[in-house]
Amino acid sequence: MKVLYPFIAVLALVAVALVGSQISGLQYLLGVALPYLAFAIFLGGFVYRVLQWAKTPVPFRIPTTCGQEKSLSWIKRDPLDCPNNKLEVVGRMFLEVFLFRSLFRNTKAEIGEGPQLSYGSSKYLWLFGILFHYSFLVIVLRHLRLFTEPIPLFVKVIEFGDGILQLGAPTIYQTDLVLLGAVAFLLGRRLIMPQLRYLSLPADYFPLLLIFSIGLSGILMRWVFRVDIVAVKQLTDGIASFSPVLPDGIGPMFFVHVVLVCTLLIYFPFSKLMHMGGVFLSPTRNMSNNNRAVRHINPWNDPNIKPHSYAAYEDEFREFMVEAGLPVEKELPPAEKKEE
Amino acid sequence: MALPKLEELSKSVAKGPSLMTGGIPRHDWLETTPVFKPENFPYPTNPKRLEYLGFPNPRVWSPEDEDWKLPENWKDIILQGFKERIDKFRSFRIFMDCCVRCGACADKCHFFLGTGDPKNMPVLRAELIRSVYRNDFTTAGKLFGKLSGARDLTVDVLKEWAQYAYQCTECRRCSIFCPYGIDTCEITMMMRELLHLVGISINWCMEPVSNSNRTGNHMGLQPHTYYENVQYLAEDIEEITGVKVDVPFNKKGADILFITPSADVFAEPGIYTCMGYLILFHYLGLNYTWSTYASEGGNFGLFTSNEMMKKLNGKMYAEAKRLGVKWILGGECGHMWRVVHQYMDTMNGPADFLEVPVSPITGTRFDNAASTKMVHISEFTADLIKNGKLKLDPSRNAHRIPTFHDSCNPARAMGLLEEPRYILDHVVPKWHEMPENTIREKTFCCGSGTALNTDEIMDLRMRSGLPRANAVKFVQDKFNVNMLSCVCAIDRATLLSLVNYWTPGVEVCGISELVGNALILDGEQKRETGLRFEPLAGMEG
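Everything numeric in this text was worked out from a predicted model, so none of it was measured.

J.: Hey, could you go over the overall build of chain A for me, with residue numbers and the actual values?
T.: Within chain A one finds 14 helices and two strands. Scaling as 2.2 N^0.38, a compact globule of 340 residues should have a C-alpha radius of gyration of about 20 Å, whereas chain A reaches 30 Å, well beyond that. Taken across its 340 residues, chain A has 49% of its residues classed as buried. Taking all contacts inside chain A whose residues are at least 6 apart in sequence as the whole, residues at least 24 apart take part in 63%. Accessible area for chain A stands at about 16,700 Å²; split by element, carbon and sulfur atoms hold 70% of it.

In structure tokens form, the structure reads like this:
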């Protein structure tokens, strides 16, 4: 059920796009107005969310340490898994953001008779996760060719590299296939693995189905339901230079692609996809484990919280302390001594 | 509560229908209601404790009752508290927003591995509160409701929070596997803080907190009793070694204030660790002092609220200042070191009246503690050994074949991994590591941390401790390991129940016990027993 609603939602979006592509008024709305709106919401929403996190204080320095801390000079420490300064934190964050360091640790636990627990290596999630994200990145960068004139060299290089196998005409980009494969894997594990299936929400299936459809519509309009690429470039250049024109006869599949992409952009800041920004700000990862060497300041530290005072403590237990021979600040009054 | 039958529990864990054994629950997690049984929730706090500590809404209530006697406006209280906390803690807000439910954390939790309960997957534990966050604090939740995984805060939801906030030991193991570093510890802390607002808490947590506040230690030992206990241990040392050791208390002008969890003073096997400290300090001729006022290293405030943690922790610096010491030395404890390492300086610093710790024996300056001015006993001891200052006879520990249990907090909230190992290398003839996925940063919790080491939930504790016990069993079978060493007082108490249950024949000790046993004192008699009065190897019978 949880996968059904998102599936219907994506189908509905496709239907809207197909219908819209046949009606000239709606064409402009979907091909020009919607992208502007989507991009504005994405940018505004993304910035808003990041600012909201950034302005929330970090009261305590709470890195999760995954290696030996800096202590005695002769003890070998682990600067990347237990960073002690900003530079080492940058190193840790690089591994985290670009290589998915934590996910690389993944194991799979099994329980058998005995009971006997075992933990096997499990790198699939890491592998497909990284394939997915990098393919997506390359595809986004390749699309810059649509919005730039002249096309920057790095975009051409990426394009060339991505099509290096020189298969098919037009050339097949590896990332298109890898992206679809990786998303299919990520979707498949949610549907098949009992734990994942139980915890997954419609909000987990929707972005996967959406991205899969985006990839698929992109591939379809390149090889099957071909669109007029010159006209597309004319449109996107127009959008990028804020003088949009909508050429005739682009082809309906283009509108499907655009509507889905715009949906993703609009959905992004309101969803878990914000992990893209959040990963940089996670206090357990982006802080130095130099806690005892450098004091961290909590902006809302309450100076009025004081311990139960020694004076009050001694007042309560003075008699016992004196009797046991423990030193005290104030001796017992003579009268009390008599009562004893 | 009695211990569950070993055979039944073994079968239930490995074969019973659970998400761990491949069964999928029939009901959506958003729609299930919590079930409280006598053995799955600790006793609620005695209202008198809450009154003493100033926590709101104290009352007598029972988790098994339908009516928890919540204050009328409980929902407003919780939601307002929620809002305050997402505005105060970036960690909390980001962890509410960022999870993609990839499931990498799912089978990393010892509670999940031992119970197979889906809501013990860290991701779902967090979703219990995230679902309310989405409902009340996000646009998507308000627009799409259930489709975005949002749900209204109901009494059942609140009960669920209580249930699963007390089936998490804030061990942070899931956090190391999370691609965004989402730390369930932070989430559990917040859930517990919110529950406290409406008077829901457990006695095993609040009683030590209130004792600690009043008498200085968890058990509520009054100064003279505490002092006498340490003296008894000194007498035992004299009997075993023939050497009389000093027990300096509340001594002004000492160089070093020593603070350790009070369990080391009164509970087996912690007392043997304590004897280890006393022997070491005597050997060194250290000018140090114990304190009866700051007689608790542990801080159950960590499991209660950040305010309470600060209040209890404040005693350490206050006492160091009153006694005029130069720096503080801390004993073996897990959560104590989380507080000392990650919170103390921020909360109660700057300790500008103390000096950067320097070992009076080796001259080593502990720059890593330059601001907090508190050094871990393992750091201190490792430095002594490295500088050749300790005369050690490891053969006196030949009857022990230890393994080493990394405690959650020193491992994942401090990075103290090598020091205890280095010490072990020098005080025992041989020791063995447990399997790779169960040690160091991947270590498994004893299963009973964060004030869950209470007897009424034994079934739960034996389950949550299973991953740790299972790894011990592995080295017991393979290397005849008979001693589980650690640097944590809660561990010393809880691992004992755990190994007695799952791996009989294994004992539990602190590293300092092994140090004390190996340390050759000037003028000592020939030792025939260890610190537990157990015969040494070759001295049996």
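Moving on, there is more to tell.
J.: Break down the environment of A:Leu235 for me, citing the residues and quoting the values.
T.: Residue and element names in this part refer to chain A. Here Leu-235 is to be found in helix α10 (residues 229-240). Using a relative accessible area of 1% as the deciding quantity, one classes Leu-235 as buried. Spatially, the C-alpha atoms of Leu-235 and Gly-129 are 33 Å apart, while their sequence positions differ by 106 residues. Excluding residues that lie within four positions of it along the chain, Leu-235 makes contacts with Gly-31, Val-32, Val-245, Leu-246, Pro-247, Ile-250 and Phe-254.

J.: Explain the pattern of salt bridges to me, using residue names and the numbers behind them.
T.: Under the defined criterion, the tally for this structure stands at 55 salt bridges over all chains. Taking the shortest distance from any N to any O, the salt bridge between B:Arg396 and B:Glu524 comes out at 2.9 Å. With B:Arg396 in the loop between α17 (377-386) and β5 (402-405) and B:Glu524 in the segment after α23 (511-518), this pair connects stretches of sequence that are 128 residues apart. Residues B:Arg396 and B:Glu524 agree in their burial class; the two are buried. Notably, a salt bridge pairs B:Arg440 with B:Glu418, separated by 2.7 Å at the nearest N-O pair. Note that B:Arg440 is positioned in the loop between α19 (418-427) and α20 (458-464) and B:Glu418 in helix α19, a separation of 22 residues in sequence. For B:Glu418, a relative accessible area of 25% gives the class partly exposed. Each of A:Arg190, A:Asp204, A:Lys272, B:Arg101, B:Glu127, B:Arg130 and B:Arg134 takes part in a single network of salt bridges with overlapping partners.

J.: An account of the interface of chain B and chain A is requested, with residue identities and associated values reported.
T.: Between chain B and chain A, the residue contacts involve 124 residues of the former and 96 residues of the latter. Each partner contributes to the roughly 9,200 Å² buried at the junction of chain B and chain A, and carbon and sulfur atoms together form 61% of this total. Sorting the residues of chain B by area buried against chain A places B:Arg90, B:Arg101 and B:Thr346 first, and these three jointly supply 9% of that buried surface. Our enumeration of links across chain B and chain A arrives at nine salt bridges. Close ionic contact of B:Arg214 with A:Glu316 constitutes a salt bridge, the shortest N to O distance being 2.5 Å. Counted by class, the side of chain B that touches chain A contains 57 nonpolar, 33 polar and 34 charged residues.

J.: Please give an account of helix α11 (residues 252-267) of chain A that cites residues and values.
T.: With 16 residues, α11(A) ought to run about 22 Å at 1.5 Å a step, and its terminal C-alpha atoms sit 23 Å apart, in line with that. When you tally the buried positions in α11(A), you get 13 out of 16 residues, the bulk of the element.

J.: Go over the pairing of strand β7 (residues 507-510) of chain B with me, naming the residues and quoting the values.
T.: All names here are of chain B. Bridging between strand β6 (residues 483-486) and β7 involves four bridges; their strand directions are parallel. Following the sheet pairing, Met-483 is matched in β7 by Glu-507. Running through helix α22 (residues 489-502), the crossover from β6 to the neighbouring parallel element β7 is right-handed.

J.: Got a sec to walk through the packing of aromatic side chains? Specific residues and values, please.
T.: Under the criterion given, the structure shown has 45 aromatic pairs over all chains. Here B:Tyr501 and B:Trp502 contribute two aromatic rings whose centre-to-centre distance is 5.0 Å and whose plane-to-plane angle is 90°, an arrangement assigned as edge-to-face. Residue classification places B:Tyr501 among the buried residues on the basis of a relative accessible area of 8%. Three or more aromatic residues link up through ring pairs in this structure, and these residues are B:Tyr226, B:Tyr227, B:Phe249, B:Phe258, B:Tyr277, B:Phe281, B:Tyr288 and B:Trp290. In this structure, B:Arg173 is placed above the aromatic ring of B:Phe444, and the distance from its NZ or CZ to the ring centre is 3.7 Å. The ring of A:Tyr310 is capped by B:Arg322, whose NZ or CZ atom sits 3.4 Å from the centre of that ring.

J.: Quick rundown of the sheet that holds strand β4 (residues 374-376) of chain B? Include the residues and the values.
T.: Residues and elements named next belong to chain B. Across the sheet, four strands lie side by side as β2-β1-β3-β4; this open sheet has parallel pairing. A strand with exactly one partner marks an edge of an open sheet, and here the two such strands are β2 (288-289) and β4. Relative to β4, strand β3 (residues 327-330) is paired through three bridges, and the arrangement is parallel. Opposite Ile-328, over in β4, you have Met-374 as the bridge partner. Contacting β1 (256-259), β2, β3 and β4, helix α15 (residues 306-323) runs over the sheet at an angle of about 145° to β1. In the packing of helix α16 (residues 334-348) onto the sheet, the strands contacted are β1, β3 and β4, and the crossing angle to β4 comes to about 145°.

J.: Could you give an account of the side chain of A:Thr236, with specific residues and numbers?
T.: Residues and elements named next belong to chain A. Mapping Thr-236 onto the fold places it in helix α10. A polar contact of 2.7 Å, which involves the side chain of Thr-236, links it to the backbone oxygen of Leu-146. Beyond its immediate stretch of four places on either side in the chain, Thr-236 contacts Leu-146 and Phe-147.

Quick notes on the rules
Residues numbered from 1 in each chain as written. Chains lettered and ligands numbered in written order. Predicted model: local features only at pLDDT ≥ 70, side-chain atom pairs only at ≥ 80, totals over all residues. Heavy atoms only, no water. Helix = DSSP H or I, 4+ residues; strand = E, 2+ residues; numbered from the N terminus. Rg over C-alpha atoms; globule rule 2.2 N^0.38 Å. Buried < 20%, exposed > 50% of the residue type's maximum accessible area, 1.4 Å probe, protein only. Contact = heavy atoms within 4.5 Å. Areas by Shrake-Rupley, 256 points an atom, 1.4 Å probe, with all protein chains shown as cover. Salt bridge = Lys/Arg side-chain N within 4 Å of Asp/Glu carboxyl O. Buried area = accessible area lost by both parts, 1.4 Å probe. Nonpolar A, V, L, I, M, F, W, Y, C, P; charged D, E, K, R; others polar. Expected span 1.5 Å × (residues − 1). Pairing = 2+ DSSP bridges. Right-handed = clockwise from strand over helix to strand, strands pointing away. Phe/Tyr/Trp six-rings, centres within 6.5 Å; stacked < 30°, edge-to-face > 60°. Lys NZ or Arg CZ within 6 Å of the ring centre and 35° of its normal. Axes fitted to C-alpha atoms, helices over the stretch in contact; angles between N-to-C directions. Polar contact = N/O pair within 3.5 Å; in protein donor to acceptor, adjacent residues only side chain to side chain.

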